[in-house]
Amino acid sequence: MKIIQKTFGEVNNRLINQYTMVNDNGIEVTCINYGCIITKIITPDKEGNFENIVLGYDAINDYITNHYYFGAIVGRVAGRIKGAAFELDGETYELVKNENNNHLHGGMTGFDKVIWDAAVIENDQEVAVKFSYHSPDGEEGYPGNLDISVIYSLNQQNELSIQYTGHTDKKTLLNMTSHSYFNLSGNFKRDILNHALKIKSEKYLELNEENIPTGDLLDVTGTPFDFTSESMIKTGVESEHPHNILVGKGYDHPFLLQTNHDNEIILMEKESGRTLTVETDEVGVVVYSGNFIENGGYIQGVPSRKYLGICLETQGLPDAIHHPHFPSWVLEKGEEYSSVTKYKFGIMNTNTN
Ligand code: G6D
């Protein structure tokens, strides 16, 4: 195990550092302390070719101007909050409106766009980077002085674990996620349309025309949202189902997980043989198939285009503050917010077709 540090760039005259965690199998996870962005994850394909499997950039300015949240930690609240406002204990809070009349992914300067303190942790079984940030009362409109940490740790079993914690001095909202776009082909040789996905979920959330949950949980059976057995991402991209068309042809939907820490989300690509297994203690996962990635420009030398990566954003259900029947992501003073999601990088079992 080792961790290599180097300077990645500068933001507002503050150095941005890069941390590359490497295990004894050659798996590499690289991240920076701007937005806790994961810039690269290097894993082998079935032939032993070590290649990058997440969308990212090599220069800090691309991340500053990028509106895709590549690899970033998203918060205070992932997803959309309708009307950019909510009420807590009779008081109404107005959030920054950064998507029409709504609030998306923590606002204009969410956790993806701030500089975090970083500390390195290493031993012979794992290497880790602990990022910390103090979000002052009123930041992007949210109440409460909030202290949060995010720990990325890589172990010898090819698992990347993300542990989130948070404490507040006043009741507030907190629902963080990691926004990596995975592409298992390796160095984005192919898009993700022929990636197969399996999710232990029988319900997905209906969205309105602003991609905000209506509050209805719909049965996946007989729809392009049924991933209870593996299904190709192109199923939703090519489908005429109104819910796939609504989000720009594809997926941008929250799924309610039936179980936790039980191989609940598995992404596979037969051509490379790579697999990604995601386990979490969160109630849901937003599957976003990169429908809004625009043409024009390059992503690490590859022409930018839609469907170049898929996000598996484990989190609470979006806009829960406006849906009392959704699990709450209100954080009380004195309470600890704690969440963990684990990503296991593997190779398909070759003796099964
Ligand atoms: C679009 O609707 C999608 C979001 O889910 C995604 O996180 C964002 O692009 C990057 O707004």
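So, here's what we can say about the structure. Keep in mind that what you see is a predicted model, and the values were worked out from it rather than measured.

### Thoughts on the overall build of the chain
- Scanning the chain for helices and strands turns up three helices and 30 strands.
- For the chain, the C-alpha radius of gyration of 19 Å lies close to 20 Å, the compact-globule estimate for 353 residues.
- C-alpha atoms of the chain, sized along the principal axes, occupy 60 × 50 × 40 Å.
- Counting every position in the chain, which comprises 353 residues, the buried fraction comes to 57%.
- Long-range contacts, defined as pairs at least 24 residues apart, comprise 65% of the intrachain contacts of the chain with a sequence gap of at least 6.
- Surface summary for the chain: the accessible area is close to 14000 Å², and the carbon and sulfur share equals 47%.
- Across the chain, the centroid of the 27 positively charged side chains sits 4 Å from that of the 49 negatively charged ones.

### Description of the site of the ligand
- Taken together, Tyr68, Tyr69, Arg80, Glu99, His105, His179, Tyr181, Asn211, Asp252, Tyr288 and Phe292 make up all the residues around the ligand.
- A distance of 2.8 Å separates an oxygen atom of the ligand from a polar atom in the side chain of Arg80.
- His179 has a polar side-chain atom sitting 2.7 Å from an oxygen atom of the ligand.
- Relative to its unbound accessible surface of 290 Å², the ligand loses 91% to contact with the protein.
- Residue classes in the shell around the ligand are distributed as five nonpolar, three polar and three charged.

### Observations regarding the pairing of strand β14 (residues 159-168)
- With seven of ten residues buried, β14 is to be regarded as a mostly interior element.
- Note that strand β13 (residues 146-155) and β14 share nine bridges and pair antiparallel. Each residue of the ladder has a partner; that of Leu146, found in β14, is Thr168.
- Where β13 folds back onto β14 in an antiparallel hairpin, the turn is made up of three residues, including Asn158, whose phi is positive at roughly 60°.
- Bridge count for β14 against strand β30 (residues 337-347) is eight bridges, and the pairing is antiparallel. Bridging across to β30, Ser161 finds its partner in Lys342.

### Considerations on the pattern of salt bridges
- This model, assessed by the stated rule, comprises 17 salt bridges.
- Ionic pairing is found between Asp117 and Arg14, a salt bridge with its closest N-O pair at 4.0 Å. Pair noted here: Asp117 is in strand β11 (residues 117-122) and Arg14 is in strand β2 (residues 14-22), with a separation of 103 residues, a long-range link.
- Its relative accessible area of 51% is what places Asp117 among the exposed residues.
- For Arg14, a relative accessible area of 40% translates into the label partly exposed.
- Here the residues in one salt-bridge network are Glu159, Glu279, Lys342 and Lys344, joined through shared partners.

### Topic: the pairing of β11
- Direction of pairing for β11 relative to strand β12 (residues 126-135): antiparallel, over a ladder of six bridges. Each bridged residue has a counterpart across the sheet, and for Glu122 the counterpart in β12 is Val127.
- The antiparallel pairing of β11 with β12 creates a hairpin that spans three residues between the two strands.

### Let's talk about the sheet that holds strand β25 (residues 284-288)
- Read from one edge to the other, the open sheet built from six strands follows the order β17-β28-β25-β22-β19-β20, with strand pairing classed as antiparallel. Of all the strands in the sheet, just β17 (181-182) and β20 (213-219) have a single pairing partner and so form its edges.
- One ladder, built from four bridges, connects strand β19 (residues 203-207) with β20; its direction is antiparallel. Residue pairing in the sheet places Tyr204 in a bridge with Leu218 of β20.

### Details of the sheet that holds β11
- The strand order across the open sheet formed by nine strands is β11-β12-β13-β14-β30-β24-β23-β18-β21, and the pairing between neighbours is antiparallel. Edge strands, defined here as strands with exactly one partner in the open sheet, are β11 and β21 (231-232).

Procedures and definitions
- Residues numbered from 1 in each chain as written.
- Predicted model: local features only at pLDDT ≥ 70, side-chain atom pairs only at ≥ 80, totals over all residues.
- Heavy atoms only, no water.
- Helix = DSSP H or I, 4+ residues; strand = E, 2+ residues; numbered from the N terminus.
- Rg over C-alpha atoms; globule rule 2.2 N^0.38 Å.
- Buried < 20%, exposed > 50% of the residue type's maximum accessible area, 1.4 Å probe, protein only.
- Contact = heavy atoms within 4.5 Å.
- Areas by Shrake-Rupley, 256 points an atom, 1.4 Å probe, with all protein chains shown as cover.
- Lys, Arg positive; Asp, Glu negative; His and termini not counted.
- Charge placed at Lys NZ, Arg CZ, Asp CG, Glu CD.
- Near = heavy atom within 4 Å.
- Polar contact = N/O pair within 3.5 Å; in protein donor to acceptor, adjacent residues only side chain to side chain.
- Nonpolar A, V, L, I, M, F, W, Y, C, P; charged D, E, K, R; others polar.
- Pairing = 2+ DSSP bridges.
- Salt bridge = Lys/Arg side-chain N within 4 Å of Asp/Glu carboxyl O.

Geometry only, nothing functional implied.
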